[in-house]
Each structure stands twice: as structure tokens, then as C-alpha cells.
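# Close look at the chain arrangement
Here is what each chain is made of, one letter per residue.
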Amino acid sequence: MNLKLNFEKINLLIEPLEIIGANNCTQEIDVIYTDTRKIRTSKGAAFVALKGIQSNGIEYIPSAYNLGIRTFIIAEKPLEIFPDACYFIVKDTLSTLGKIAQWKRKQFKGQLIAITGRIGKTTVKEWLYHFLSPEMLVTRSPKSYNSELGIIRSILEMNEAAEIAIIEVKPHSELSFETINRIIQPNIAVLTSSDGAGVQFPDSYYEQLFAQTDILFHSSRKRQFEKYIGTKINVPLIDKQKFPSDTATEAQLMNVSLAMACAEHISDGKIDLKEKLASLPELALRMDTYEGIQDNFIINDLYNLDEEALINALEFQQTIAHGRECIVILSTEGIEKMALEKFREIIAEHKVQRIIEIPSIDFQTDEIQNSVVLIKGKRNAQINRLINKFKLKKHLTHVRIDLKALRKNIVAHKKMVDPETKMLLMIKASGYGSEIDKMVHSTQSFGIDYYGVAFVDEGIAIRKTGCTLPIMIMNVEPGNYEACIEWDLEPAIYDFQQLDDFISECIYQGIENYPIHIKLDTGMRRLGFEIEQINQLIEILKAQPEIQVKSVYSHLAEAENSFDKRFSEHQILNFKKAVNKLAAEIHTDFDTHIQNSSGIAQYGNINCSMIRLGIGMYGVANVDKIRPYLEPVLSWYSTICQIKTIEKGQTVGYNRTFTADKTIKIAVVPIGYADGLKRSLSNGVGELFVKGIACPIVGRVSMDMVMIDVTKANAKLGDEVEIIGIHQSIEKLAKMMNTIPYEVMTSIAPRVHRMYVEK
Ligand SMILES: *Cc1c(COP(=O)(O)O)cnc(C)c1O
């Protein structure tokens, strides 16, 4: 506080009735305490014993004494007199403190700005501070005091060397105007938009409050302040475009307009306020907001039981509602009756469609949909559980799958072939690393004729979604035929043993005409009947009524090769020959197919009745021809969980494989090789992107974490990190990992959360 009050000065100022231990009153008073818990130093300290409702300061004198305090200002004689202490006995300690504050105010040579109004005081104060500091030396009250003692304290705590002091004054019917004016004596007043809900103070209240100010900034459209004799400035709203965030509420615009007008007056053109406006700090309203389940938006205002905060939150709720229902959940437990009444009153004054009081009413969170939900009250276990239930779970590391792009890519491939051609969608390996049920939901109504998967359990997973489309299983393992039939899945048959076993199962179950697919090997040298085995195959197919050939297919070994198509053309020709032979002998209609994604893009229409689309639907093009028509579907993100400065010579990560050759900033990202970020990307082989800037991997990739150099990106905690996205395609990442997009996609671990979005 730096009061520098020597014995004579204090004597003159407080006019004590009596002094006990005057010999001991040698020390200059610099700081005054009224609460023993706040005592930091005994040097130059005095303790003022105030009489409150619940406690009497006089009882705390021994503990203040034990903390080294020797100067006391008291209104009654203490029970015990310490021989080395100095006691000033006064009539009333609070008014004595007021006198000291008044004296301090008089010493202050700068301008004092008082900010008042029902809501927005802290915002205006902080923004005004932002506009004026550091160009001017500004001191400001730490919070909004509404008691006389609070105001006295904010004056006493003011930095006397400052050019500007900003003090919040909460309108309060019990404060005496006279006292306030004597103590604060503001030069300038700012009245925040106070026409909202709640208690309305009349013009005369504010006129009296600021009787001595020279200038008053306000934004009221209703108030006249007829009796106010200083200069009145009715501040207009600034242009919404000038506000740095595009979600400005009217209240925010008003607050910034007031702060700016006041700053303009004070700085007199010496500060570039436009530049300051662009960097306006986002004020944490001590309110959490987040996306909730069922399209709800949640405002969590459980941090205090302040009426002002509630009004703020309700106004914020209105501004973001855009026609959605506004719901308030009020947790009443542990709130005083009076305060609760006040809350209900304030809520009733706002356009809230529904108020749910907890715990008295029993309600289900799933009845609440597409609403803006404000949660207010005292935090307790029940309310925490409720919030967790409401919160849409966000994952630090997640893959986003853009379903709109996915459908677009399916269409792009369809356009490469005859419109009659059927589409089999290959969603093996859980849909190339996606979730099979989500893939089915979003594609089955999209002109798909067939699904194809590698194993029976993948087929069962599709059936469990309720999908009734035919499903081809490429690899039915021995022992799985029964399940295959039970779930109405169609096996691909590639050798005689398998054919025999499947027929036996059908005979055992008394089944006829069970759909199967014949796989031919035309050059891949993987699964499939050899061309030479066709005649023998025809004999069996003709003899067995248990099975029916639904399709005959083969697979191209190098469909993506655009430079030399001879091998593929040879495969296609052999396939056609075999198909013709089969068709001539078995007399049933079946589909034919040989083209995968690259085959579709490369060869287009080749008179097969079906195509098998796989990786192409994810927007990965292995053939240039189709690239312009595809859009990336999959992106992969994580979040910075710590930032560190690494000094020259320090090492990073396992085995200390990286040594900094200069000071750098690194970020720790919670993604590692167990998520599919290959260890071979260590030490700058790979890079991730922050804010579009390439950040090389520093040191070794660990199992669950990786460090990246963010020196250039100026990254901060919580920033999003792109692994795959607009700056780094799957193809590029695959190249860095020394592999192909297929492997990248299928190595993203199942533990990585998948998010399906319709952009
Ligand atoms: C995986 C697979 C496909 C799809 O291949 P893409 O290159 O992803 O289009 C087609 N046919 C068979 C037999 C497959 O195994």
C-alpha cells in the first residue's frame, strides 16, 4: 500500500480518542490489514480490528501480535495489553479506515475512473485496461466490490504512482452516496448497459453516485440523466465487423464501445486503439461452453453463485439461441433460500422456455434436444454426472470421416462405367480402418448392390446393422460355413476342397440353390481356381443343386499400371474366355467382375456386370485419370498436450537420438506407433502440421506419444495437430512411412476414435 504514515500524520488523520503504548508508536505505517489470514509482513503493518456480523476483529489481536504486528487501530479496549504494542483507540474503525482511504485518494495525482452498472463491469474494466496499458501506467481494482469496506480496500490497494486508476462500483442500495463520493471521487464514470433484467436503479441514483465526475460515458437509450451536470456521452455501438471475433453479442459490442470511447478520451489520440481492438483479449467469463449430445449446446455456469454471472449467462444464452429452445437447469442444493428466490426471479425475467430444478424434478437427459442448456447452481456429484452425460465426448486423437465426400467418390467411380453396372462395395478390414456399421449406414441407400468383406465375422457385423443387401465373403474359413449360412452370407469359393465342404454343409442342412461366388486366378497367383480347372469345376457345378453361382470373378494384379497395360489386358481376356465357357455350360445368369478401384479408373467399361470399389471411395487415386473427381474422406488429428523449450545441447526422447543445435520449442502430441504413426517416422523423417505449418518429428516416436518442433508454428497448448488432412495427404504420409495408403489406413489403431461427419 506504501502509505508512509508516520505518527504525526496518522494522529492528525484519524484523531484517536486515546493512544495506549504511545512510546511504541515509532514505526511508519505502510500497509493495513483487517484479516489476520492475509498478513504477509509485519514490517510497517497495522492491524485494524473491524466488527463484523460474524466476527469481531478485536479477538484476533493476539494472533496478529504473534505474527509480529505491533500497531493496532481499535474501537474498544483489548482484554490484554501487550507491553511493546501501540494502540490507537478510535470511535469507529470502519470510518477511520475510510478516512485513511480518503487521504490516499487525495494523494492520487492520476485520473480515477469508476465503472458501474448491473452487468459487464469486469469486461469493460479489463478491456479499458487493455486499451490503455502498457502505454499508460494503469492500476485497477481486482474485483467488483459492493460494500463500503470493499471500496475502501480498492482505494487503499491502488498503486499511487499510476496515471489511471479503474475501480468497479457495484450499484448497491445500501451504500451511502456520500461516503462513496468522499472516498472514490471519480473523475470519470462509465455506466455499463444497465437496462437489462433485475433491480433497476433510477437515474437519480447514478446522478448522485457520480455527482462529482466531469464526464459520464453511457450507452443507455432510455436514460436521460437530466440532473447530471457533467458532460454526458451516449456512446454508439461500434461496427460489428470491427470486433475481432465473429460471434460478438450485443452486450459485448456495447462493452467494447464504452471501453474504447473512454480510452479515446483518456489517451487523446496517443494510443493506436484500432490495433488494440484487433487484439482484444477474450475474456473468460468463467463460463464453459461445449457441444452436447443430441445437438444441444451447453453453457456451464457452475463457477459461482453470482447474480451478475447468471444475468451474463442468460444473455449469452439468448444471443446464441437462434430459435432453439432455451433451458435452464438450476441445481438448488446448498443455495440459501434468499439467493435461490433471486435466481428464480432473474431467470423468470428472461426468455427461458423451460426451467428444470435439480434434484426436485425427475427428468431424462434424452428429452432435451437441439436446445441451449444453461446449467447453474452449486457444483455437486449429481450435477457433475449430469454434465458428463450431456457432453459430447471429444477425443484428443481422432479420425474424421467425411461421408459426403465418400458418397461423391462412389458416384465418380460409377460414372466411369455403364450405368447398368452393379456396385459391390469392399469394406473389408473394417472398411479400410473405419467402422463397418457406420460405413453401411451411410452407403446402403446409395445405389449399392453388394457388400464385400474378407471374413465371416465382418459379414455378421454388417447383418447386425439390419442391412439386407447381399454380402460376399472372400475368405470363409473351414468351420465357418454354418455361421455363413445362418447369417445369409455368400461365400467366394476358390478351390475344390472348399467347394466340397460347402456342398456337404448344404446337404446336411437340406439347402438348395445357396448363392456362391466363383473366384478365378487369372494371373494374380493368389486365391482362385486355375483356368485349367474350369472343365472339372463345370462338372461339379452342373451336378450339385445345393449351390447356385451368383457371380464369377477375378482380381487384377497391376490395375494401377498406366504405362504397361499388357498384363492386365491379358488377365481381362483370360477372364472373359473362362466366363464364356462357364456361361455356355451352367445355364444360369451370374454376374461377372474383375475391376477394383484402379481397374475401374483405368479400364472403365469392359462389359462386366459388376465393379468392386475399395480404396477409391476414400478419395485415394492410384490412377491419374480419376484424381480430379475425387475428394479426400479421411483426416486424422490430435491435440498438443504440452509445450517445452529445448535449449541448445539438450536431447529429446528415447535413446536421446535428437540433440538440439539451437533453442527450439517442441510440442508433445498424444499419438504414437500404437496408434499407427510408424516409428520409422522418427527424427524428421515425418512431419505433422500445426496451423498449416510443417513441424518435423523430433527424436523417436514413442508408443503413445510423439514430439514435434513447433518453433516456427508458434503453437500453444490445445492446438490441433494434423497428421492427415489438407496439408498432408494419405499418399504423402504413406510415402514418408515407406508404404502405400492402404497400409496407412488399415494401421490406424482401433483405439483411435472415429468421427463421422457430413460436411
Ligand atoms: C480389396 C479388394 C478389392 C478392392 O480393392 P481396391 O484397390 O481397394 O479398390 C477388390 N477386389 C478384391 C478381391 C479385393 O480383395
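Reading the values: the criteria
Residues numbered from 1 in each chain as written. Predicted model: local features only at pLDDT ≥ 70, side-chain atom pairs only at ≥ 80, totals over all residues. Heavy atoms only, no water. Helix = DSSP H or I, 4+ residues; strand = E, 2+ residues; numbered from the N terminus. Buried < 20%, exposed > 50% of the residue type's maximum accessible area, 1.4 Å probe, protein only. Contact = heavy atoms within 4.5 Å. Areas by Shrake-Rupley, 256 points an atom, 1.4 Å probe, with all protein chains shown as cover. Lys, Arg positive; Asp, Glu negative; His and termini not counted. Charge placed at Lys NZ, Arg CZ, Asp CG, Glu CD. Pairing = 2+ DSSP bridges. Near = heavy atom within 4 Å. Polar contact = N/O pair within 3.5 Å; in protein donor to acceptor, adjacent residues only side chain to side chain. Nonpolar A, V, L, I, M, F, W, Y, C, P; charged D, E, K, R; others polar. Core = buried A, V, L, I, M, F, W, Y, C linked by side-chain atoms within 4.5 Å. Axes fitted to C-alpha atoms, helices over the stretch in contact; angles between N-to-C directions. Left-handed = near helix turned anticlockwise from the far one by under 90°. Phe/Tyr/Trp six-rings, centres within 6.5 Å; stacked < 30°, edge-to-face > 60°. Lys NZ or Arg CZ within 6 Å of the ring centre and 35° of its normal. Arc of directions from axis to C-beta.

### Examining the overall build of the protein chain
From N to C terminus, the protein chain includes 23 helices and 35 strands. With respect to the principal axes defined by its C-alpha atoms, the protein chain has extents near 125 × 60 × 55 Å. Looking at the protein chain residue by residue over its 759 residues, the buried ones come to 52%. Long-range contacts, defined as pairs at least 24 residues apart, comprise 68% of the intrachain contacts of the protein chain with a sequence gap of at least 6. A total accessible area of about 36,200 Å² is found for the protein chain, and carbon and sulfur atoms account for 50% of it. Of the charged side chains in the protein chain, 88 are positive and 95 negative; the average position of the first set lies 5 Å away from that of the second.

### Overview of the pairing of strand β18 (residues 422-426)
When you tally the buried positions in β18, you get 4 out of 5 residues, the bulk of the element. Relative to strand β25 (residues 610-613), β18 is paired through 4 bridges, and the arrangement is parallel. Bridge assignment links M423 to a residue of β25, and that residue is I611. Pairing of β18 with strand β19 (residues 450-453) involves 3 bridges; the strand directions are parallel. Of the residues in β19, the one forming a bridge with L425 is Y451.

### Section: the site of the ligand
The environment of the ligand is made up of M426, K428, Y432, M474, R526, H555, N596, S597, R612, G614, I615 and Y742. K428 has a polar side-chain atom sitting 2.5 Å from an oxygen atom of the ligand. Compared with its free state, where it exposes 390 Å², the ligand has 95% of that area covered by protein. Here the residues of the shell around the ligand are counted per class, giving 5 nonpolar, 4 polar and 3 charged.

### Some words on the nonpolar core
The nonpolar side chains of a soluble globular protein tend to be buried, and buried together. Ranked by size, the top nonpolar core spans 110 residues in total, and within it Y451, I518 and I708 carry the most contacts. At 6 residues, helix α20 (residues 566-586) tops the list of elements feeding residues into this core. Setting aside anything within four residues of it in sequence, one finds I708 in contact with K665, I666, A667, V669, L688, V690, C695, P696, I697, V698 and V721. Counting 44 residues, the second largest nonpolar core, distinct from the first, contains L3, M158, A189 and Y205.

### Thoughts on the packing of helix α3 (residues 93-107) against helix α5 (residues 148-156)
At a minimum axis separation of 9 Å, α3 and α5 run at an interaxial angle of 35°. Here the hand of the crossing between α3 and α5 comes out left-handed. For the pair α3 and α5, the contacting residues are L94, L97, G98, I100, A101, K104 and R105 in the first and L149, I152, I155 and L156 in the second. Grouping the amino acids of the contact of α3 with α5 by side-chain chemistry returns 8 nonpolar, 1 polar and 2 charged.

### Topic: unusual backbone geometry
Residue P134 follows S133 across a cis peptide bond; omega there is 5°. Topologically, P134 is positioned in the loop between α4 (121-132) and β7 (138-140). In this model, N607 sits at a positive phi of 60°, which is unusual for a non-glycine residue. Mapped onto the fold, N607 is located in the loop between α21 (597-603) and β25. A relative accessible area of 68% places N607 in the exposed class. In this structure, R656 takes a positive phi of about 50° despite not being glycine. Along the chain, the position of R656 falls in the loop between β28 (651-652) and β29 (658-659).

### Here we look at the side chain of S141
Along the polypeptide, S141 turns up in the loop between β7 and α5. Note on S141: relative accessible area 3%, which makes it buried. Among the polar contacts made by the side chain of S141, one reaches the main-chain amide nitrogen of E168 at a distance of 3.2 Å. The residues touching S141, leaving out its near neighbours within four places in the chain, are K125, S154, I166, I167 and E168.

### Examining the sheet that holds strand β30 (residues 664-669)
Strand order in this open sheet of 9 strands is β27-β30-β33-β32-β31-β34-β26-β17-β35, and the pairing throughout is mixed. The open sheet has two edge strands with one neighbour each: β27 (642-646) and β35 (753-757). For this sheet, the mean angle separating the axes of adjacent strands, direction not counted, is 35°. Two elements, strand β17 (residues 398-402) and strand β26 (residues 634-639), share 4 bridges in a ladder whose sense is antiparallel. Bridging across to β26, H398 finds its partner in Y637.

### Points about the packing of aromatic side chains
Taken as a whole and judged by the stated rule, the model has 9 aromatic pairs. Considering the side-chain rings of F47 and F72, the 6.4 Å spacing of their centres and the 70° angle between planes classify their relative orientation as edge-to-face. Of the two residues, F47 sits in strand β3 (residues 45-48) while F72 sits in strand β4 (residues 71-74), which places them 25 residues apart along the sequence. With respect to burial, F47 and F72 carry one shared label: buried. When the ring of Y205 is compared with that of Y206, the centres are 5.3 Å apart and the planes differ by 90°; the resulting orientation is edge-to-face. Of the two residues, Y205 and Y206, both sit in the buried class. Here the aromatic cluster, defined as three or more aromatic residues joined through ring pairs, consists of F47, F72 and Y87. The side chain of R407 reaches across the aromatic face of F446, ending 5.7 Å from its centre.

### Considerations on helix α1 (residues 7-14)
Count 3.6 residues to each turn of an α-helix, and residues three or four apart come out pointing the same way. For α1, every residue scored as buried is listed here: I10, L13 and I14. Projected down its long axis, α1 shows its buried positions confined to an angular sector of 75°, all on one face. Facing away from the buried side of α1, by more than 90 degrees, are the exposed residues E8 and L12. Lining the buried residues of α1 we find β4, β5 (86-89) and α3. Where α1 terminates, the next one or two residues include E15, which has phi positive at roughly 45°.

### Some words on the side chain of T36
Note that T36 resides in the loop between β2 (31-33) and β3. Setting aside its immediate chain neighbours within four residues, T36 contacts F47, Y60, S63, A64 and L67.

These values are about where atoms sit, not about what they do.
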